[in-house]
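Given next are the chains, with one letter for each unit.
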Amino acid sequence: MRNFKLLYVLTLMIPVIFYAQYKVEGRVVNKEKEPVKNIELLFTAKNINIKTTTGDLGNFTTELTKGSYVLTIKSPEYKYLEKKIEVNADTRIEDIELLTISKLIEEVKLTATTKMVFQKLDKTVVNLENNSLMNKGNVFETLKIVPGLVLKNDQISMLGRDAVKVMVDGRMINLSGDDLKNFLKSIPSESIKEVEVISNPSARYEAEGNSGIVNLVLKKAKKNSWNNNISFTDDASKAKYLLQSVNNNFTYQKDKISVLLNTGYTFGDTFVKQMADIFFSDPYYLTTEQKINRNQFSGRLLVDYEVTPKTKIGLQYLGGINNDFVTDHINTDVRNASNERLYDLRGRGDMHSQVNNHSFNLHVDQKLDTLGRKLNIDVDYLRYNRDVNNIILSNQYDPGNNYLGINFYNKSIADQEINNYSVKFDVDHPGKLINFNYGGKLTFTNTNYLLNNYDLSSNNALTQSDQFEFNEAIQAVYVNGMRKFSDQWEGQIGLRSEYTQTKGYSAISNQTDYNKYLKLFPSLFIKYKVNDNNNLIFNYARRIQRPSYGQLNPARYFINSQISSMGNPYLKPSYVDNIELTHTYKKLTSKFSFNINSNAYGTLFKMNDETKEQIVTFDNYFKSYGYSLMETYELNPFSWWKTYTTVFLNYSQSMKMTDYNLILRNGFEFFGSVNNSLTINKSKTLSADINYWYGSSFNQNIFHFSKANSLDLAVSYKTPYKGLNMSIAAYDILNSSPRRMTSEINNVEQKYISYDNNRFFRFSISYTFGSDQVAKDQRQFGNEEERERSR
């Protein structure tokens, strides 16, 4: 009986002995030792065919029985590879290097008409390499016609989102406003391979802001190369206001070191006209005409050093100095209910604003093993200082233009200083079943704001002095998991936790406010591939919108005797839940979005009809719902004509959460755009662009916005001199892009419109010399969220 049991056990072990499964893993790279993702590998033996696919980091894992195998890799982009593999135990294969196909075949491939937009699990990828539609001289001009992005007040924004954050090669660029625009103008469009549009960021990204992310993926650099691009842009408006920009972008890569130096200088004048009608019982008709003289210098220096094949460290500086001088002519026409003039206020404002913005970053990139595990560490310091000196003199005149006296004569001196420290780490941890990302961040911010107001009509008497101090600390951790279940299904799930502590102190009220809260921010992405032409993607993410430091400051800043602005120290964060469902069919993409903005805050006008006074402030006073549908379609009617069409339909609904006497407005919004690129000659050196967008009138929270549209024309020329390109363009030719805003609070209606130098003529010239490549590494600052809120 014992021998029978032994024979039975041996019989059961035979399959285990002869058919044991061993783990086989490795990584596929290209000639530059960069990971090659989504490549299929085939292991073949007698009666055995096992397939597997590389992940985002080029790694692969499979299980094979003992024996000899032939590994085969076939790809239209790389040379055919065949390799013998012996499996006797768990096996780690040395990195498999693939060679690109011949340049001739590459050129044939590139001249073919390819799909421009690809929908991935958590982002939309826009292929710009060798695409004439996007060859616009610099990245700022390129982004304006990327599907889903729009231009508002000469700044890039995203349909359905409040703003846009920009990354370069996965690293955040902590700039906004004119600083961001000038930085994007300094990057030649030819250096961009593709643009990733992330409309609903996952838990891996900071939860701050209901904004989308645009990641610029640069073309890879040759080893031991250098490159320099210099560009000049001249904007002319109203035939007398000129604004010039000079940018230089230098890159250098040799052996283990890479250097990037980017400098930019913007100088000249712009013109802004604003009109506000405030319908008190005695209406105010306010007009301001501002001449703004800009002197803005910015610089970026990045030095990376490869200590070992697994370790790279880098130092980065990003900063600038802005000096703006604003001359403001302010006229206020005050009338009675019968539209009879009561008196005029005629004023002049002279303001000098100086901003010093300096950020320093230490970055460590450590590969933990050959399986793709990697650790990134960022240590950051930010110092932001803004000084404003503003003098306003307003005189009063009767209907007969007789001088009645000084209405308001005020000098204000404001100083804001922000210091931010942060430490951030991220780990990429690919696994057999799930690829993980996890990390954390510590942030400490101190903000000091000082404001003094003086009455110059009364011996320079100090009328108001306030010091506001705000301290904030945030501790965040996150985990994110991704898995491809089959050729049809893949998913990603994440969770981020952020614990925030704030302390605000106002000297004018001798009051200290504390706030502490712990919040969770989940995200979920699911993709289903119906077939080669149809894909469905569902995603959900929760975000937080923290008030900026200026919005929390209770100091009162006067525009004139009747109009002033001040922050609210009691302002609380709002929370946004975003849901998206995307369907792609060939070159047609449809996206349905739904969002809920809870405890939302926004601009609030405190109107007093008795004193004819308006205070612009902020408060948490509503909850909003948004429903939107966006359709994008790529069309190439002819080889010389490429066009991209976007249609956006949105419904906004708001509910009042306080007892303010105001009107919240609900309604539909329509937006449509058509971007056309025409190749004029056979040599493809001359091209033209005709771009048009139309936006209907719409309602959003307390505002009603009027309809608007814009027509832009541009011609680009690649000169016979290699690297020298020129372009001329006319923007908003019909001067029809500004929108009028209407609101009503405390039964007082207000209308406002701003003409922000929207119609202008632009001439650009750029010259690139050195190698034909640019350096490949560009990094983020780890404190991008705090830099954004300092604006």
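So, here's what we can say about the structure.

Conventions we followed
Residues numbered from 1 in each chain as written. Predicted model: local features only at pLDDT ≥ 70, side-chain atom pairs only at ≥ 80, totals over all residues. Heavy atoms only, no water. 1 Å grid on protein atoms, 1.4 Å probe; cavity = no way out; pocket = protein on both sides within 12 Å on 5 of 7 lines; lining within 4 Å. Points joined across faces, edges and corners; volume = space filled by probe spheres on them. Helix = DSSP H or I, 4+ residues; strand = E, 2+ residues; numbered from the N terminus. Salt bridge = Lys/Arg side-chain N within 4 Å of Asp/Glu carboxyl O. Buried < 20%, exposed > 50% of the residue type's maximum accessible area, 1.4 Å probe, protein only. Pairing = 2+ DSSP bridges. Axes fitted to C-alpha atoms, helices over the stretch in contact; angles between N-to-C directions. Core = buried A, V, L, I, M, F, W, Y, C linked by side-chain atoms within 4.5 Å. Contact = heavy atoms within 4.5 Å. Polar contact = N/O pair within 3.5 Å; in protein donor to acceptor, adjacent residues only side chain to side chain.

## What to know about empty space enclosed by the protein
Phase 1: Tallied over the full model, the rule gives 10 cavities of 30 Å³ or more.
Phase 2: When its volume is computed, the second largest cavity comes out at roughly 70 Å³.
Phase 3: Along the walls of the second largest cavity sit 16 residues, with Gln119, Asp122, Lys123, Asn539 and Glu580 positioned nearest its centre.
Phase 4: Looking at the lining of the second largest cavity, the elements that each hand over two or more residues are strand S15 (192-198), strand S29 (534-545) and strand S32 (574-585).

## Some details on the pattern of salt bridges
Phase 1: Tallying each qualifying case throughout the model produces 21 salt bridges.
Phase 2: Across the salt bridge formed by Asp333 and Arg335, the nearest N and O atoms sit 2.8 Å from each other. Per residue, the accessibility class of Asp333 equals that of Arg335, and both read buried.
Phase 3: Note that Asp344 is salt-bridged to Arg341, the shortest N-O span being 3.7 Å.

## Considerations on the sheet that holds strand S10 (residues 124-127)
Phase 1: Reading across from one edge, S9-S10-S15-S16-S13-S14 is the order of the 6 strands in this open sheet, with mixed pairing throughout. Edge positions in the open sheet fall to strand S9 (117-119) and strand S14 (171-173), since each of these has one partner strand only. Taking each pair of neighbouring strands and ignoring which way they run, the sheet shows an average axis angle of 25°.
Phase 2: Sheet topology places strand S13 (residues 164-168) next to strand S16 (residues 212-218); 5 bridges connect them, and they run parallel. Residue pairing for S16: Met167 is matched across the bridge by Asn215.

## Structural notes on the pairing of strand S26 (residues 461-484)
Here is the key point about a regular strand: its side chains alternate between the two faces of the sheet.
Phase 1: Bridge analysis of strand S25 (residues 435-455) against S26 gives 21 bridges, and the strand direction is antiparallel. Bridge pairing links Gly440 to Val477 in S26.
Phase 2: Hairpin connection, S25 to S26: the antiparallel pair is bridged by 5 residues, and Asn459 has positive phi, about 55°.
Phase 3: Between S26 and strand S27 (residues 489-506), which follow one another and run antiparallel, lie 4 residues.

## Examining the nonpolar core
Phase 1: In this structure, Leu143, Leu149, Leu184, Ile192, Val195, Val214 and Leu216 are the most contacted members of the largest nonpolar core, which totals 26 residues.
Phase 2: When residues of this core are traced back to their parent elements, those giving at least two are helix H3 (139-143), strand S12 (155-158), S13, helix H4 (177-185), S15 and S16.
Phase 3: Here Leu149 is in contact with Leu143, Lys144, Ile156, Ser157, Met158, Val164 and Val214, once residues within four sequence places are set aside.
Phase 4: Grouped together as the second largest cluster of nonpolar side chains are 23 residues, Leu286, Val616, Phe622 and Leu662 included.

## Some words on the environment of Gly494
Phase 1: Secondary-structure assignment places Gly494 in strand S27.
Phase 2: With a relative accessible area of 7%, Gly494 lands in the buried category.
Phase 3: Sequence separation between Gly494 and Phe436 is 58 residues; the distance between their C-alpha atoms is 9.4 Å.
Phase 4: Setting aside residues no more than four positions away along its own chain, Gly494 makes contact with Ala203, Val479, Asn480, Phe521, Pro522 and Ser523.

## What about the sheet that holds strand S6 (residues 81-87)?
Phase 1: In space, the 4 strands of this open sheet follow the order S3-S2-S5-S6, with antiparallel pairing throughout. Of all strands in the sheet, those with a lone pairing partner are strand S3 (48-53) and S6, marking the two edges. Put simply, the sheet's adjacent strands are angled 25° from each other on average, direction ignored.
Phase 2: Inspection of the sheet shows strand S5 (residues 67-73) paired to S6 by 7 bridges, in the antiparallel sense. Paired with Ile73 across the strands is Leu81, a residue of S6.

## A closer look at the side chain of Thr445
Phase 1: Within the element layout of this structure, Thr445 appears in strand S25.
Phase 2: Taking the relative accessible area as the measure of exposure, Thr445 reaches 5% and is therefore buried.
Phase 3: Within the structure, the side chain of Thr445 is placed 2.8 Å from the side chain of Asn420, a separation counted as a polar contact.

## A word on the environment of Leu143
Phase 1: Among the structural elements, Leu143 can be located in helix H3.
Phase 2: Look at Leu143 and you get buried, because its relative accessible area is 2%.
Phase 3: Along the chain, Leu143 and Val195 lie 52 residues apart, while their C-alpha atoms are 8.5 Å from each other.
Phase 4: Among residues more than four places away in sequence, those in contact with Leu143 are Leu149, Ile156, Leu184, Val195, Val214 and Leu216.

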